[in-house]
Amino acid sequence: MKEIVTIQVGSYANFVGSHFWNFQDELLGLADSPESDQIFKSHGLNMDVLYRTGETPQGILTYTPRLVSVDFQGSLGSVSSRGTLYNEIPETPVDTLTWTGPVTTHTSQPLKKNLFLQSLYLEENANLGSSRGCESENSDSHTEVQDEDIVQSLENEVQYWTDYSKVHYHPQSLYELSGLWSEINDFNNYGIGREAFSGGQHAEEINERLRFFVEECDLPQGIQFVVDDSGGFSGIAGEFLENIADEYTNIPVLLYSVHSPDSGMDSRNRKLAISRKLHDAVSFSKLSAFCKLIVPVGLPSLNTSRMSKYLCLEDRKPYHTSAVYASAIHSISLPFRMQPLGPSAQLSNTSGAVKIKDLVQMLAGQARQNMVTILDIAMPAPAFTGTQAQQSLLEILQPLTPEIAEGVEDMQALESMTVHGAFASGMQKSHSFEVKDAVQAAYLNAVERPKFSHLSIAQCPLPIPLPFPSIFGNLIGRNGELLDTPISESTSRGSLEVHSVPMAARLRSSNAVLPFLENRLANLRKFGLARGALGTELLRNWGFGKEDAEELGEALSNMVTTLNPASLESSDSD
Amino acid sequence: MSLKVLNPNAEVLNKSHALHMNINAAKGLQDVLKSNLGPKGTIKMLVGGAGDIKLTKDGNTLLKEMQIQSPTAIMIARTAVAQDDTSGDGTTSTVIFIGELMKQAERCIDEGMHPRVLVDGFEIAKRATLQYLEKFKTPVVMGDEPDKEILKMVARTTLRTKLYEALADQLTDIVVNAVLCIRKPEEPIDLFMVEIMHMRHKFDVDTRLVEGLVLDHGSRHPDMKRRAENCHILTCNVSLEYEKSEINAGFFYSNAEQREAMVAAERRSVDERVQKIIDLKNKVLKLSFLDEDDKLFTCFAVKDNNPYCHFQVCADNDNNFVIINQKGIDPPSLDILARAGIIALRRAKRRNMERLVLACGGEAVNSVDDLTPDCLGWAGLVYEHVLGEEKYTFVENVKIHIPVQSSLKIKDAVRDGLRGVKNTIEDEAVVLGAGAFEVAARQHLVNEVKKTVKGRAQLGVEAFADALLVVPKILAENSGLDTQDVIIELTGEHDKGNVVGLNLHTGEPIDPQMEGIFDNYSVKRQIINSGPVIASQLLLVDEVIRAGRNMRKPT
């Protein structure tokens, strides 16, 4: 077995992660449920890759994500960091036994659980109490009403990423950073994060937790690392990654550095703007140094992007935007979990299994060795009906990586695409060979063609769990099919109306990412390295002396030259 | 106001406001922590928004759990936490001392004294107090055999402020023995060599000293032994995992045979590594089988300065072989090892690798190419303890180590206790506790030092002296005694020339020496050093500027 350990560092990374795990939980639930579609029952994915089997002290078996999550103290909202599965703490804590003196109690205002979490809680108790048969029938109409309320309340109230999480986590999974003593707004640069991580016990504790999950793995295929790179958390992630690279030399890290749409907004004052630009450059340079493949994710605005044709996203709600990113990460992660099959794989539910190491090798290990990849997504993926649609798949793919060039020609581009749950003509799920043919045809017709493209196909579409935000437009049908005419009056449709969505996602290593790299390099040079630059002092405060800063610049410019050898001599490239 | 011109959003607090903001913050922090102090303090139960319960009596932990917002308070908290990092204890005392200095300063400043003069007075008093501390401390001779009694007293004093008496007394021996275990002459004590292992299912009183190691994981193969005696330990950092990619998009291999060949070749190289370890095992176990001839025995005697080794190797031949690997071991390798009767643990903590070598002897190997019997360590007993999904492997009958089993709060207490003992050994001195030093130093400042100071700085010295009294005052307050009575009684005794501390049960003066209440010299020195520095900095602030935010509003 080839296990993956997932790490989420930072608030936005956890928002994304929470959606990601909801998908997995939904897949698990659908596979067990008798009513669900055949496709979900035999999805052909090995969930053990992401999940671990455990046992509580009471001997109850558990199945929890193999996950380490790091966030601010208090970011878990009304959910306990130890989860509820391993809840062995009795009502009156035994711990008081160690002190016979007086006890003072400081109670923070208990946070109210929202409707969704309340319903989860009730469901759990009902499951424990009653036999399963009676609950589904008699309360059907009753729950229907409630579900709508839940969706509505989630739309309006989500504040913490736990508010919409339906997953049980292992007590070792959720780690809160205590004793930071800084306001969230001030925790906005690489230096402060780095400081927070190196001081105190945090580093050791977090490494210990990772070790806990890695030790159980028979043959880990890699680490899937999601970091919120908009603030101090990239400093924490940087240090953490360095440790990982040191400790687990053979385990490749696939890094998604996610950025929420709003985090670039408040640059009213100049100092802050410089600090932010430097931070972006520093954190990108640092993060890319210790991973095998880095995928920058996070458009400045999703609402104004091409995606708005089918999705209605509110940029200021991380609950909305993170759902899109999570869907993309889910799609990319599918090939890691497919069972490798023999030559008869053509007719199975999945094809094109790839391990993280292979993916890295494929995209970054070949001739050009470019490790910065672009993430594209088609949500929902179009149906492969006629020749017209084939064209549209490549067109509909929307980059989630910011600051990239469009329409550049790159003879050496490498791609890995995952298509899952796509429709053939009508409402028929298309078979993998149909998809393969269709994609091939699409590439043949396309103007820009990559040098190499890998295709993974699964039949199982993206399941939409109840707590998924209502982001679908009215051109999307119940099973994610694209409609020609709006289906309803309301502009946004959620998990109650849309049950699953076909998806296509693609990682591509192309020189289209050059502007992204060049911007960071230019900012670092302009504000940090140039003589008398405004940010030199800032960099020093973050713990980067002149030489360190130059090293960071060196790393960035190496990445640029990898993609564009001409940039050394002239700015003119073909 | 010129700042207003530069930035209309900037918020400026003028002199008196700024000062009072700082003083209030310091007092606020003091108020939160003061009930913690001493063996009669209260334990704090923190209930989080999600209903999580945390119990702590450790100032350090408490500070970290609080979400402090005031910049002044953060500054004080940082100092206090740094205090803990450097000397291991005294977080609460630092916060209280700074708070009291600010309080005394407030009184003087309200009477029209300039902060600068006050700060000068603090500086003089600080230096005098430190000098006095040098005189006052009780030297302890640390020869080859440290005085265990005095170490125990120090440990007990620390532990009793964190745990109830019976438990504290029980842990005292453990803590002292643990430190003595890892102490090596002429070298600083490395407390990382002591691990505090937290086992959730055990009770506080089950805490014990394990002379050896406890690893928080076990072997991952059902056929491996769960308990083994007389173990050769191989500590290594060698990957026993099959690593290359298996299935690929066809272009890595031109045909299936080629792929098969590469897979087989890679698998073979892993197997070879495993085989080398098994070879070593066979070689070593044969050696010990021959031990009865006494010929090859020297091999062990050199490697192990452990008495068990000699005894047991001679006594029986039932030896075992254990691998503790920092890297991974995959199931096929585990299989081979299990068949060879070897116990294998994978992904050991890096720190445990160092500890293993120290505890069991031998050396950590990074490659299987240069394996010799000399690389091996020895442990008399290795066994596994399983509860639910938690597994622990005990490596015992070696030289050192302590895992202590129980809740987090104990962990803090034990940690402080260990540091206390370590400090004592390194300081070669202790200070009389129960407030004795504070009262004595205060009397010294008021009676002697003050007279040598000219001008208004005298008031600064006096303020400092009064601030010192905060420790006995709060000790008394937490015990429900009348503070004024206590202070008068104590200072009276000191003026008579008797060095006394406070008996928290009766409120009577006692002799700390007789009661065995000792504090750390370095902790005390650190408090007296850092407290006034921060207080002075805060007092000398005359304008607080913060761009774009309103700081008078409560957040």
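Residues numbered from 1 in each chain as written. Chains lettered and ligands numbered in written order. Predicted model: local features only at pLDDT ≥ 70, side-chain atom pairs only at ≥ 80, totals over all residues. Heavy atoms only, no water.

## Some points on the overall build of chain A
Right, so step 1: Helices and strands together make up the secondary structure of chain A, namely 16 helices and 17 strands.
Right, so step 2: If you take every contact in chain A between residues at least 6 apart in sequence, the share linking residues at least 24 apart comes to 79%.
Right, so step 3: Accessible surface, chain A: about 23700 Å² in total, of which carbon and sulfur atoms supply 50%. (Helix = DSSP H or I, 4+ residues; strand = E, 2+ residues; numbered from the N terminus. Contact = heavy atoms within 4.5 Å. Areas by Shrake-Rupley, 256 points an atom, 1.4 Å probe, with all protein chains shown as cover.)

## Let's talk about the sheet that holds strand 17 (residues 503-509) of chain A
All names here are of chain A.
Right, so step 1: Ordered in space as 10-14-13-17-11-12, the six strands form an open sheet in which the pairing is mixed. Of all the strands in the sheet, the pair left with one neighbour each is strand 10 (350-351) and strand 12 (398-399).
Right, so step 2: Pairing of strand 11 (residues 374-378) with strand 12 involves two bridges; the strand directions are antiparallel. Looking across to strand 12, one finds that Asp376 is bridged to Pro399.
Right, so step 3: Helix 13 (residues 432-445) rests against strand 10, strand 13 (414-420), strand 14 (452-458) and strand 17 of the sheet, and its axis sits at about 150° to strand 14. (Pairing = 2+ DSSP bridges. Axes fitted to C-alpha atoms, helices over the stretch in contact; angles between N-to-C directions.)

## Points about the interface of chain B and chain A
Right, so step 1: Counting residues at the interface gives 71 residues for chain B, matched by 66 residues for chain A.
Right, so step 2: At the boundary of chain B with chain A, total buried surface from both sides reaches about 5600 Å², with 49% on carbon and sulfur atoms.
Right, so step 3: Here chain B is connected to chain A by seven salt bridges.
Right, so step 4: The residue Glu204(A) makes a salt bridge to Arg351(B) at a minimum N-O spacing of 2.8 Å.
Right, so step 5: On inspection of chain B and its partner chain A, the count reaches twelve residue pairs in polar contact (both at pLDDT 80 or more). (Buried area = accessible area lost by both parts, 1.4 Å probe. Salt bridge = Lys/Arg side-chain N within 4 Å of Asp/Glu carboxyl O. Polar contact = N/O pair within 3.5 Å; in protein donor to acceptor, adjacent residues only side chain to side chain.)

## Looking at the packing of aromatic side chains
Right, so step 1: Here the structure, examined in full by the defined rule, presents 20 aromatic pairs over all chains.
Right, so step 2: Between Tyr190(A) and Phe544(A) the ring centres are 5.7 Å apart and the planes differ by 45°, which places this aromatic pair in the tilted class. One end of the pair, Tyr190(A), is in helix 6 (residues 190-198); the other, Phe544(A), is in the loop between helix 15 (536-541) and helix 16 (546-563), and 354 residues separate them in sequence.
Right, so step 3: The cationic tip of Arg520(A) hangs over the ring face of Phe516(A); the distance from NZ or CZ to the ring centre is 3.8 Å.
Right, so step 4: Taking the ring centre of Tyr383(B) as reference, the NZ or CZ of Arg227(B) above it sits at 5.6 Å. (Phe/Tyr/Trp six-rings, centres within 6.5 Å; stacked < 30°, edge-to-face > 60°. Lys NZ or Arg CZ within 6 Å of the ring centre and 35° of its normal.)

## With respect to the state of the cysteines
Right, so step 1: Applying the stated criterion to the full structure yields zero disulfides over all chains.
Right, so step 2: Here Cys217(A) is not disulfide-linked; the sulfur of Cys236(B) is the nearest cysteine sulfur, at 19 Å.
Right, so step 3: Cys291(A) takes part in no disulfide bond, and the closest cysteine sulfur, belonging to Cys217(A), lies 19 Å away.
Right, so step 4: Judged by relative accessible area, Cys291(A) falls into the buried class, the value being 9%. (Disulfide = S-S within 2.5 Å. Buried < 20%, exposed > 50% of the residue type's maximum accessible area, 1.4 Å probe, protein only.)

## Re the confidence of the model for chain B
Residue and element names in this part refer to chain B.
Right, so step 1: Looking at chain B, the pLDDT average stands at 75 and 81% of residues meet or exceed 70.
Right, so step 2: Predicted confidence for residues 404-408 stays below pLDDT 50, and this span has 29 contacts to residues more than four positions away or in other chains.
Right, so step 3: This stretch, residues 548-555, has a pLDDT under 50; its non-local contacts, to residues over four places away or in other chains, come to 16 contacts.
Right, so step 4: On the interface metric, ipTM, the complex scores 0.78, and its pTM is 0.84. (pLDDT = per-residue confidence, 0-100.)

## Description of the sheet that holds strand 8 (residues 253-258) of chain A
Residue and element names in this part refer to chain A.
Right, so step 1: Pairing is parallel across the open sheet formed by six strands, whose spatial order is 6-4-1-7-8-9. Where the open sheet ends on each side, the last strands, each with one partner, are strand 6 (174-177) and strand 9 (293-297). Sheet twist, expressed as the mean angle between neighbouring strand axes with direction ignored, is 15°.
Right, so step 2: Running over the sheet, helix 8 (residues 233-247) touches strand 1 (4-9), strand 4 (67-72), strand 6, strand 7 (222-228) and strand 8 and is turned about 160° from strand 7.
Right, so step 3: Along the sheet, helix 9 (residues 270-289) contacts strand 7, strand 8 and strand 9; its crossing angle with strand 9, the most-contacted strand, is approximately 150°.

## Description of the packing of helix 6 (residues 115-136) of chain B against helix 20 (residues 521-539) of chain B
Residue and element names in this part refer to chain B.
Right, so step 1: The geometry of helix 6 relative to helix 20 is characterised by a closest axis approach of 10 Å and an angle of 175° between their N-to-C directions. When the axis of helix 6 is compared with that of helix 20, the two are roughly antiparallel. Here Pro115, Leu118, Val119, Phe122, Lys126, Thr129, Leu130, Leu133 and Glu134 of helix 6 come into contact with helix 20, specifically with Tyr521, Lys524, Arg525, Ile528, Asn529, Pro532, Val533, Ser536 and Leu539.
Right, so step 2: Considered class by class, the residues forming the contact of helix 6 with helix 20 number eleven nonpolar, three polar and four charged. (Parallel < 35°, antiparallel > 145°, perpendicular 65-115°, else oblique. Nonpolar A, V, L, I, M, F, W, Y, C, P; charged D, E, K, R; others polar.)

## What about the environment of Glu554(A)?
Residue and element names in this part refer to chain A.
Right, so step 1: One can find Glu554 in helix 16.
Right, so step 2: Residue Glu554 is classed as partly exposed on the basis of its relative accessible area, which comes to 47%.
Right, so step 3: For Glu554 and Thr105, which are 449 residues apart along the polypeptide, the C-alpha to C-alpha distance reads 54 Å.

## Section: the nonpolar core
Right, so step 1: One finds Val9(A), Phe225(A), Met379(A) and Leu400(A) to be the most contacted residues of the largest nonpolar core, which totals 142 residues.
Right, so step 2: When neighbours within four sequence positions are excluded, Leu400(A) is seen to be in contact with Pro296(A), Val297(A), Gly298(A), Leu299(A), Leu302(A), Met307(A), Val324(A), Tyr325(A), Ala328(A), Leu375(A) and Ile377(A).
Right, so step 3: Membership of the second largest hydrophobic core comes to 92 residues, among which are Val117(B), Val179(B), Val453(B) and Leu539(B). (Core = buried A, V, L, I, M, F, W, Y, C linked by side-chain atoms within 4.5 Å.)

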